Structure formats: structure tokens, C-alpha cells
Amino acid sequence: MKRERRTATMNQIVVTAALLAMAALAMVPGGAEGARKASVKKAVFGKLDGGTVVHLYTLTNARGLTAKIMTYGATLTELRVPDREGKFDDVVLGFDNLAQYLKGSPYFGATVGRVANRIARGKFTLDGKEYTLAVNNGPNHLHGGLKGFDKVVWNATPVKSADGPAVRFTYHSADGEEGYPGNLDVTVIYTVTNQSGLRIEYTATTDRDTPVNLTNHSYFNLAGHGDVLGTEMMINAGRYVGVDDTLIPTGELKEVKGTPMDFTTPHTIGSRIAEVGGDPNGYDHCYVLNGGGHSFSLAARAYEPATGRVMEMYTTEPGVQFYTGNFLDGSLAGPGGFVYRQHDAFCLEAGHFPDSVNHPNFPSTILHPGETYHQRTEYLFSTQKLLRSPYVKGVM
Ligand code: GLA
């Protein structure tokens, strides 16, 4: 009897100690695996044909959130965040070797510019002069042209920041590059913040009037793998940019209300995707954010029910291109041999509206000498318990 009681007390002590240890770990999202010192590490990722070395920077915050960014295209290659059990996974599509990026990547994680998205027929008139840009998407100019900012090697230096480990990337885009006027100096700072965010901050200056519209083209999959049709999405936008069948804006800003484009309340990506149309089918539209580009505000929120991962996106930009990986066709495979199929990821590309340079009614993308272009976009990660909201349509 006495002996049994003693065992019970001992058990109690063991259980209490275990609970205390668990509570301590729970204070650090990601548990033991997550707790560490913030760091920035630099390694060689590969070499271009001409011998230029491409470096890979690994940024880890004290919670274990890790981002890998390479100097080729100032590209995010990997982003590891915990799920609701504290298990880390890579939530962006990418490759683990430079050769695959060089062979052809659909802008996986890349910094895109000088002007992201499409410019009709690669033409625009500025200060009375007509410019002709490189054409690389049917008759149109897409994502900066044949050799955009995603295909050049950037300079990189780690920077001291109280907000978390950070690296600054810089690139000088010469006058005439891909047909654009003026020398443009661009800086992109990636920070893995102490609050579990990936912050991307851009600045640029020019010596002649030129259009500038920078973005990051990460393909997110909050489950790590599989399709994203079950991911619940909210986009803080009442309107979107109407486009023709080559995805060039018609000039009209259309109401989302009553259409499959409406994500003002959370819907799974898959619930109405078949009704969106397009060839290939899916979302590939620029949303007009309610924040209007005037302040740093919530643009979108994605929740993946199986893992509990939540990603909130904040930006200073007026628009976000919501793209559901429609052009992925299973011909590319990432680390571990996982094949990237249509709708296996979604992009939330912050920016101005497509073809703004040809639409005076859209917010201007023209940067003048003496001004500084500035954009701040942040993807913030957390987890959510398995809740079934009666307001979420399309959840099985
Ligand atoms: C953007 C475009 C898409 C597609 C992808 C890259 O999101 O809007 O149409 O070109 O980039 O494949």
C-alpha cells in the first residue's frame, strides 16, 4: 500500500516535470526543433556557365523559421515554417540545385522586375517617346523580359537588424536593359522577422523616368506538397483587374461580388476554381486591394486545414496577383522528387496592376529621378487549431 502510494507520488512528479518541459517548449513555436540562435549563413549554391559563383544565404530566426535565398534572381529557394504540431516543412516550391533553376523555372521564388506582370505588345509611350521592350509571352512582355531581374546575379550582404536576420541584395539595371529607359539601382532586403514573418522590402532609384513594378514570385504550398485546392483563402479586395484572353487588362476594374473571384470571406481555392475559366484554367488575376496601396495593410490570409499553417500577407502595394500555378504541368520536380502539378501552389504577388504603363486610370508605376521607389511586403506565419467555420464554403 505504502509502496504503491510512493510510486503514485513519483509518477506525479515525473508527469509534472514532463508537463513543465512541454509548456516551456510550447513557448517556442516549433518546440525543441525550433529553439535556436538567430543566424545568417552563406554557402556556394553553384556556378553559371561563365564561372560566376551563385551564393545561398540561410536566414534562421530564434524560433527556427528558415529562409534560403540565392543571389541568382535574389530568389527564395526554401522557406521552412512549423505546422500546428511544431513540425517544420518547406512551404515554397523550388529546386535544391542551381542547374534546375538555370534550365528553366517558372519564376519560383524570384525577384521579378523591372516591371512584373504583362505589358501589352511590349510597348508604351513615356515623355512623348515610344519604347519597345523584349517580348517573351506571346505578343506581350512578361516579368521584365527575356532576361529580367530573376535571371541576373545580385550582390548580397548580411545586414544588422533588430527585427531578425536579414540580407540585402542589390542590382544595377543599365539604361536600355530589356528596352527600359534609365539606369535603375535596386535594393531588396529579406528579413526573417522575430514575429515569424518573411519581410521583403524594396527600394529603387533612377536617372530617367521609367516604369518600375517589383514583386516576389514565390509559389506557396502550406502543406508542403499536394494540391492547394483545400487551402482556405481570403483576399482583402472588392474588385479585380478585368483581362482579355491573353491576360492583358481591358482597363475595367470589376466587382468580385457574386462571382467565383470573391474571396472577401474565406473560401477554399478549389471550391469555385472550375468556374473561373481561362486556358489553362484557374486564378491568374490582379486583385485591387481594399488597402489601396496607401498603407501597409492586410492583403490576404491563407489557412491550410490539414497542417494548421496560416499565412497572412501584408503589403504597401495597391494590388496582388493571385495565381494558382495554372501553367505547372508535372514536368518539373523539386527536392525529394516531388512533381509540381497544376494547382500545386498559389502565388500572392504584391504589386501595381498589370500593364499600368498603358492605363492612365491605374495607379502610376513611373519612377522619376530624385524619387525613391519603396515597397514593403510581409508574409506572416502562425498556426490555427482545426476549426470548422460555418462561414467557410467549400470545406468538406
Ligand atoms: C504570373 C503570371 C502568370 C504566369 C506566371 C508564371 O503569375 O500572371 O500568367 O505567367 O506568372 O508562370
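Here the structure is a predicted model, which means the values were calculated and not measured.

K.L.:
Help me out: how do you make sense of the pattern of salt bridges in this one?
P.N.:
Pairs can form between side chains of opposite charge once their charged atoms are near each other. Applying the stated criterion across every chain, the model contains 10 salt bridges. Between Glu 78 and Lys 68 there is a salt bridge, with its nearest N and O atoms 3.7 Å apart. A residue pair is termed long-range when its members are at least 10 positions apart, and Glu 78 in strand E4 (residues 75-82) and Lys 68 in strand E3 (residues 66-70) qualify at 10 residues. Taking the relative accessible area as the measure of exposure, Lys 68 reaches 22% and is therefore partly exposed. A salt bridge links Glu 378 to Arg 199, with the shortest nitrogen-to-oxygen separation between them at 2.9 Å. Separated by 179 residues along the polypeptide, Glu 378 in strand E29 (residues 373-383) and Arg 199 in strand E14 (residues 197-206) bring together distant segments of the chain.

K.L.:
Would you mind going over the site of the ligand with me for this structure?
P.N.:
Neighbouring the ligand are Tyr 107, Arg 118, Leu 142, His 143, His 217, Tyr 219, Leu 247, Asp 284, Gln 321, Tyr 323, Phe 327 and Glu 349. Separating an oxygen atom of the ligand from a side-chain N or O atom of Arg 118 is a distance of 2.7 Å. A distance of 2.8 Å separates an oxygen atom of the ligand from a polar side-chain atom of His 217. When the ligand sits alone it has 300 Å² of accessible area, and the protein chains cover 95% of it. The residue makeup of the shell around the ligand, split by class, is 6 nonpolar, 3 polar and 3 charged.

K.L.:
Honestly, the environment of Leu 198 in this entry has me stumped. Any pointers?
P.N.:
The topology assignment puts Leu 198 in strand E14. Since its relative accessible area comes to 1%, Leu 198 is described here as buried. Remark: the alpha-carbon pair of Leu 198 and Ala 166, spanning 32 residues in sequence, is separated by 9.7 Å. Not counting the four nearest positions on each side in its chain, Leu 198 is found in contact with Ala 67, Leu 76, Leu 79, Tyr 190, Thr 191, Val 192, Thr 377, Glu 378 and Tyr 379.

K.L.:
Looking at this structure, how should I read the packing of aromatic side chains?
P.N.:
Summed over the entire model, instances satisfying the criterion amount to 22 aromatic pairs. Ring geometry for Tyr 323 versus Phe 327: centroids 6.3 Å apart, planes at 35°, classification tilted. Look at Tyr 323 and you get buried, because its relative accessible area is 5%. Under the relative-accessibility criterion, Phe 327 is labelled partly exposed at 49%. An aromatic cluster of at least three residues, connected via ring pairs, comprises Phe 45, Phe 95, Tyr 101, Phe 108, Tyr 219, Tyr 323, Phe 327 and Tyr 340. Over the face of the ring belonging to Tyr 131 we find Lys 129, whose NZ or CZ atom lies 4.6 Å from the ring centre. Taking NZ or CZ as reference, Arg 376 lies 5.6 Å from the ring centre of Phe 296, over its face.

K.L.:
Even after reading the chapter, I still don't get the nonpolar core, so can you show me in this structure?
P.N.:
If you look at the biggest cluster of nonpolar residues, it comprises 58 residues, and the most contacted ones within it are Leu 79, Ile 235, Tyr 287, Phe 322, Phe 346 and Phe 381. Looking at this core element by element, the count peaks at 5 residues for strand E13 (residues 184-192). By size, the runner-up hydrophobic cluster in this structure holds 16 residues, among which are Tyr 72, Tyr 219, Leu 328 and Tyr 340.

Criteria and cut-off values
Residues numbered from 1 in each chain as written. Predicted model: local features only at pLDDT ≥ 70, side-chain atom pairs only at ≥ 80, totals over all residues. Heavy atoms only, no water. Salt bridge = Lys/Arg side-chain N within 4 Å of Asp/Glu carboxyl O. Helix = DSSP H or I, 4+ residues; strand = E, 2+ residues; numbered from the N terminus. Buried < 20%, exposed > 50% of the residue type's maximum accessible area, 1.4 Å probe, protein only. Near = heavy atom within 4 Å. Polar contact = N/O pair within 3.5 Å; in protein donor to acceptor, adjacent residues only side chain to side chain. Areas by Shrake-Rupley, 256 points an atom, 1.4 Å probe, with all protein chains shown as cover. Nonpolar A, V, L, I, M, F, W, Y, C, P; charged D, E, K, R; others polar. Contact = heavy atoms within 4.5 Å. Phe/Tyr/Trp six-rings, centres within 6.5 Å; stacked < 30°, edge-to-face > 60°. Lys NZ or Arg CZ within 6 Å of the ring centre and 35° of its normal. Core = buried A, V, L, I, M, F, W, Y, C linked by side-chain atoms within 4.5 Å.

Just distances and angles here, no functional claims.
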